[in-house]
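Coordinates in review
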Amino acid sequence: MPGRPDFDPGAAIGVFDSGIGGLSVLGALREALPNEHFVYVADSAWTPYGERRDEIVLERTEAITRHLREAHAVKALVIACNTASAVAVERLREDHPDWPIVAIEPALKPAARHTLSGHVTVLATRGTLASGKYAALRLRVSATAPQLRFTEIACDGLAAAIEQWALDGDGTACDELVDRYLAPVFHPAMGFPAVDTVVLGCTHYPLIGEQIRLRVPTTVALLDAGAPVARQTWRLLNQASLLRPPSHDGPALDRPGQVRLLATGDTARLQAAARRWLDLPPGDERVERVELASA
Ligand code: DGL
């Protein structure tokens, strides 16, 4: 194709989030694409994004994207953050028309297929829920299934509490927030038909899936978008003939994909989270600090 840059199939895939939440997506990516290398950036100097102004999220997203493309020559980008996807994906696609970019969105479409009661609760950040992209998604899904009722809850503070929990192991703040946001949804006074599907519309939330699970009836499904994002990444790379072949580095070096972890501020949270949620070989959870100034 004229003008199409030659990406190296052996190059890594860039993945980023405001913090540790994107590890829930990285886990799904590693499962679906075991031969791929990944460079993960946690914007720990600026987390959380969910209650920040759009301009800030856009600037941070652009700074991280530039770094991944210029310093790491990544062959594709996965925005493992619903808030950044909602605010910035269109701009990134305009600025990098030649580059495979995968964004994430709350799993409303899977929820529409799954729900029997027709009542779906969406947990996400304030930024995601206020975005035009979310409104458009909800409209599209509702147009094909007008009987569905989506109830959104902006979970202020929850991503920050999850970041803190990863570091100190004290889940009290997370539990309190989940109780505060979910108890009214499942209160008996809400009557029937009840919510049978909860969308985890922020990539941090699957990291506390077990705590959330304890606070909802066992019949309720918790849906996140990690696996669909991984499938979409595979599709885009496959279409562009950019999947990394197992023998890319030659038989002697042939080993499964590796992960490089970067953080723009505090490195300890990402390191603790990687230990807990990524099954990396010992030593590979090391986190490098990168200074990434916004433009
Ligand atoms: N994990 C991100 C998301 O999916 C951002 C959470 C935050 O930084 O507020 O929206």
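An account of the accompanying structure is given in this report. Computed from a predicted structure; not experimentally measured.

Here the focus is the overall build of the protein. Within the protein, the regular secondary structure consists of eleven helices and ten strands. In terms of C-alpha radius of gyration, the protein reaches 19 Å, essentially the compact-globule figure of 19 Å for 295 residues. Counting every position in the protein, which comprises 295 residues, the buried fraction comes to 52%. Long-range pairs, those at least 24 residues apart, make up 78% of the contacts in the protein between residues at least 6 apart in sequence. Carbon and sulfur atoms form 53% of the exposed surface of the protein, whose accessible area is close to 13500 Å². For the protein, the separation between the mean place of its 30 positive charges and that of its 36 negative charges on side chains is 3 Å.

Pairing is parallel in the open sheet, where four strands are placed in the order β6-β5-β7-β8. The sheet is open, and its two edges are formed by β6 (149–154) and β8 (221–223), each paired on a single side. Recorded for the sheet is a direction-independent mean angle of 20 degrees between the axes of neighbouring strands. Sheet topology note: the strand β5 (residues 119–124)/strand β7 (residues 197–200) ladder contains four bridges and is parallel. By the bridge assignment, Val122 is partnered in β7 with Val199. Along the sheet, helix α6 (residues 132–144) contacts β5 and β6; its crossing angle with β6, the most-contacted strand, is approximately 160 degrees.

Counting across every chain of the model gives 15 salt bridges. Across the pair Glu105 and Lys109 runs a salt bridge, and its minimum N-O distance is 3.1 Å. Accessibility expressed as a relative area gives 31% for Glu105, which makes it partly exposed. Residue Lys109 is classed as partly exposed on the basis of its relative accessible area, which comes to 39%. One salt-bridge network, held together by shared partners, links Glu163, Asp266 and Arg269.

Our focus in this paragraph is the side chain of Arg244. One can find Arg244 in the loop between α10 (226–239) and β9 (259–263). The exposure class of Arg244 is buried, given its relative accessible area of 3%. A distance of 3.4 Å separates polar atoms of two side chains, one belonging to Arg244 and the other to His37.

What follows covers the site of the ligand. Around the ligand lies a shell of 14 residues, among which Ser18, Tyr49, Gly50, Thr83 and His204 are the nearest. Between Gly50 and the ligand, the recorded distance is 2.8 Å, taken from a backbone N or O atom to an oxygen atom. Thr203 is positioned with one of its side-chain polar atoms (N or O) 2.8 Å from a nitrogen atom of the ligand. Compared with its free state, where it exposes 300 Å², the ligand has 99% of that area covered by protein. Per-class residue counts for the shell around the ligand are five nonpolar, eight polar and one charged.

All right, on to the nonpolar core then. For soluble globular proteins, nonpolar side chains are generally found buried alongside one another. Ranked by internal contacts, the top residues of the largest apolar core, which has 77 residues, are Val15, Leu26, Leu29, Ile79, Tyr205 and Leu270. With sequence-adjacent residues up to four places away left out, Tyr205 is seen in contact with Leu123, Ala124, Thr125, Cys155, Leu158, Ala159, Ile162, Leu200 and Ile212. Of all hydrophobic cores here, the second largest spans 17 residues; its members include Ala124, Tyr134, Leu137 and Leu148.

A word on the packing of helix α1 (residues 23–32) against α10. Packing of α1 against α10 leaves a shortest axis separation of 8 Å and a crossing angle of 45 degrees. By the angle class used here, α1 and α10 are oblique. Like other packed secondary-structure pairs, α1 and α10 cross with a definite hand, here right-handed. From α1, Val25, Ala28, Leu29 and Ala32 reach across to α10, where they touch Gly226, Ala227, Val229, Ala230 and Thr233. Class assignment of the residues belonging to the contact of α1 with α10 gives a composition of seven nonpolar, two polar and no charged.

This next bit is on the sheet that holds strand β3 (residues 76–79). Strand pairs in the sheet, formed through backbone hydrogen bonds, run parallel or antiparallel to each other. Ordered in space as β4-β3-β1-β2-β9-β10, the six strands form an open sheet in which the pairing is parallel. Only two strands of the sheet have a single partner each, and these edge strands are β4 (101–102) and β10 (287–289). Alignment of strand β2 (residues 38–42) against β9, held across five bridges, turns out to be parallel. Among the inter-strand pairings, Phe38 is bridged to a residue of β9, identified as Val259. Where α1 meets the sheet, its contacts fall on β1 (13–17), β2, β3 and β9, and the angle it forms with β2 comes to roughly 175 degrees.

Calculation rules
- Residues numbered from 1 in each chain as written.
- Predicted model: local features only at pLDDT ≥ 70, side-chain atom pairs only at ≥ 80, totals over all residues.
- Heavy atoms only, no water.
- Helix = DSSP H or I, 4+ residues; strand = E, 2+ residues; numbered from the N terminus.
- Rg over C-alpha atoms; globule rule 2.2 N^0.38 Å.
- Buried < 20%, exposed > 50% of the residue type's maximum accessible area, 1.4 Å probe, protein only.
- Contact = heavy atoms within 4.5 Å.
- Areas by Shrake-Rupley, 256 points an atom, 1.4 Å probe, with all protein chains shown as cover.
- Lys, Arg positive; Asp, Glu negative; His and termini not counted.
- Charge placed at Lys NZ, Arg CZ, Asp CG, Glu CD.
- Pairing = 2+ DSSP bridges.
- Axes fitted to C-alpha atoms, helices over the stretch in contact; angles between N-to-C directions.
- Salt bridge = Lys/Arg side-chain N within 4 Å of Asp/Glu carboxyl O.
- Polar contact = N/O pair within 3.5 Å; in protein donor to acceptor, adjacent residues only side chain to side chain.
- Near = heavy atom within 4 Å.
- Nonpolar A, V, L, I, M, F, W, Y, C, P; charged D, E, K, R; others polar.
- Core = buried A, V, L, I, M, F, W, Y, C linked by side-chain atoms within 4.5 Å.
- Parallel < 35°, antiparallel > 145°, perpendicular 65-115°, else oblique.
- Left-handed = near helix turned anticlockwise from the far one by under 90°.

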